[in-house]
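Structure assessment
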Amino acid sequence: MIELIVFILGACIGSFLNVIIYRTEKEISIINPPSFCPKCKKEIAWYDNIPIISYLILGGRCRNCLAKIDIQYPIVEFLSGFITLIFYMKWKNNPAWLLASLLISYLLIVVSVVDFKTMMLSDLFSYLIALIGVVSSFSNPLFEGDILFKIKQSLIGIITGAGILFSLMFIGKKIYQKDVMGEGDIFLMGAIGSFVGFKGIIDVLVISSLLGALYGVSLIFLKKLNRFSYIPFGPFIAVGAIIKIYSNLTILNLLK
């Protein structure tokens, strides 16, 4: 029963994340006005705003104008609920890290969707992630040692994460004579370093690169892109980070 409540709570948070995503994209207040249909602008009734369920009942369309509701909404709600549940089950005995890891994951979901839709990364979200990573480092199970050493690992992770991606961007620009990634990716990877440390950055980079390559090759195969097309890298960095947070997957150990 408690697991179901946790999932529902996470899905409700996901509903709010959808509000942040849409209003960040449109650059409007996340507080006012209340939730409304992007097409007809009519305020959405509470019973049409129940995470996942309302989408299914309405058949993915606005009750008023019958405009299609973006599939993003139930997907974000489900992912938020699922991540909240599995993180709760793993870290319910470490409430400080449970809260921090969930806040980080929610911000990564927002970053991922906004970047996927707009090819833009807001540095504000990266700053928030980095702040949470440093402040919560004392409870981080990925770090070892006393409190001061954990804080040191977090700060070094920020420098390492941003430094590695900056170096890759610099080298890529020299080779291809154009930007191969945005500055927002550098800030995001630095922020991720705050909670995975300098060793974990390599794992996140490998995982995200593999996922990004699979996505890009698939779209090229389907003739949706060509090999010179840009794809947003932020979502794959975020997925790699969440995988690392939950599993502490170590790439070097897999290669032994």
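Our structure is the block above this text.
Residues numbered from 1 in each chain as written. Predicted model: local features only at pLDDT ≥ 70, side-chain atom pairs only at ≥ 80, totals over all residues. Heavy atoms only, no water.

Section: the environment of Q72
- Looking at the element boundaries, Q72 is found in helix 3 (residues 72–91).
- For Q72, a relative accessible area of 9% puts it in the buried group.
- Considering only alpha carbons, one finds Q72 and N18, 54 residues apart in sequence, at a separation of 8.1 Å.
- Residues within four places of Q72 in sequence aside, it is in contact with N18, I21, V113 and K117. (Helix = DSSP H or I, 4+ residues; strand = E, 2+ residues; numbered from the N terminus. Buried < 20%, exposed > 50% of the residue type's maximum accessible area, 1.4 Å probe, protein only. Contact = heavy atoms within 4.5 Å.)

Some points on the packing of helix 1 (residues 2–26) against helix 4 (residues 95–118)
- Between helix 1 and helix 4, the shortest axis-to-axis distance is 10 Å and the interhelical angle comes to 40°. By the angle between their axes, helix 1 is oblique relative to helix 4. Crossing geometry of helix 1 relative to helix 4 is assigned as right-handed. Taken together, the residues of helix 4 that come into contact with helix 1 (itself represented by G10, I13, L17, I20, I21, T24 and E25) are Y106, I109, V110, V113, V114, K117 and T118.
- Here the residues of the contact of helix 1 with helix 4 are counted per class, giving nine nonpolar, three polar and two charged. (Axes fitted to C-alpha atoms, helices over the stretch in contact; angles between N-to-C directions. Parallel < 35°, antiparallel > 145°, perpendicular 65-115°, else oblique. Left-handed = near helix turned anticlockwise from the far one by under 90°. Nonpolar A, V, L, I, M, F, W, Y, C, P; charged D, E, K, R; others polar.)

Examining the pattern of salt bridges
- This model, assessed by the stated rule, comprises four salt bridges.
- Two residues, K117 and D70, come together in a salt bridge whose shortest N-O distance is 3.8 Å. Taken together, the residues K117 in helix 4 and D70 in the loop between helix 2 (53–57) and helix 3 connect sequence positions 47 residues apart.
- Given the relative accessible area of 38%, K117 is considered partly exposed.
- Note that D203 and K244 form a salt bridge whose closest N and O atoms lie 2.8 Å from each other. (Salt bridge = Lys/Arg side-chain N within 4 Å of Asp/Glu carboxyl O.)

Regarding a nonpolar patch on the surface
- Taken together, the side chains of M1, I2, L4, I5 and I8 make up a nonpolar region of the molecular surface, amounting to roughly 520 Å² of accessible area.
- Its place among the elements puts L4 in helix 1. (Patch = residues over 30% accessible without salt bridge, like charges linked within 9 Å, V, L, I, M, F, W, Y side chains within 5 Å. Areas by Shrake-Rupley, 256 points an atom, 1.4 Å probe, with all protein chains shown as cover.)

Observations regarding the packing of aromatic side chains
- Counted by the stated rule, this structure contains 11 aromatic pairs.
- Seen in terms of ring centroids, Y22 and F36 are 6.1 Å apart; in terms of plane orientation they differ by 80°. Their pairing is edge-to-face. Of this pair, Y22 sits in helix 1 while F36 sits in the loop between helix 1 and helix 2, and the two are 14 residues apart along the sequence.
- For Y22, a relative accessible area of 14% translates into the label buried.
- Members of the aromatic cluster, connected to one another through ring pairs, are F87, W91, W97 and Y246.
- The side chain of K90 reaches across the aromatic face of Y246, ending 4.5 Å from its centre. (Phe/Tyr/Trp six-rings, centres within 6.5 Å; stacked < 30°, edge-to-face > 60°. Lys NZ or Arg CZ within 6 Å of the ring centre and 35° of its normal.)

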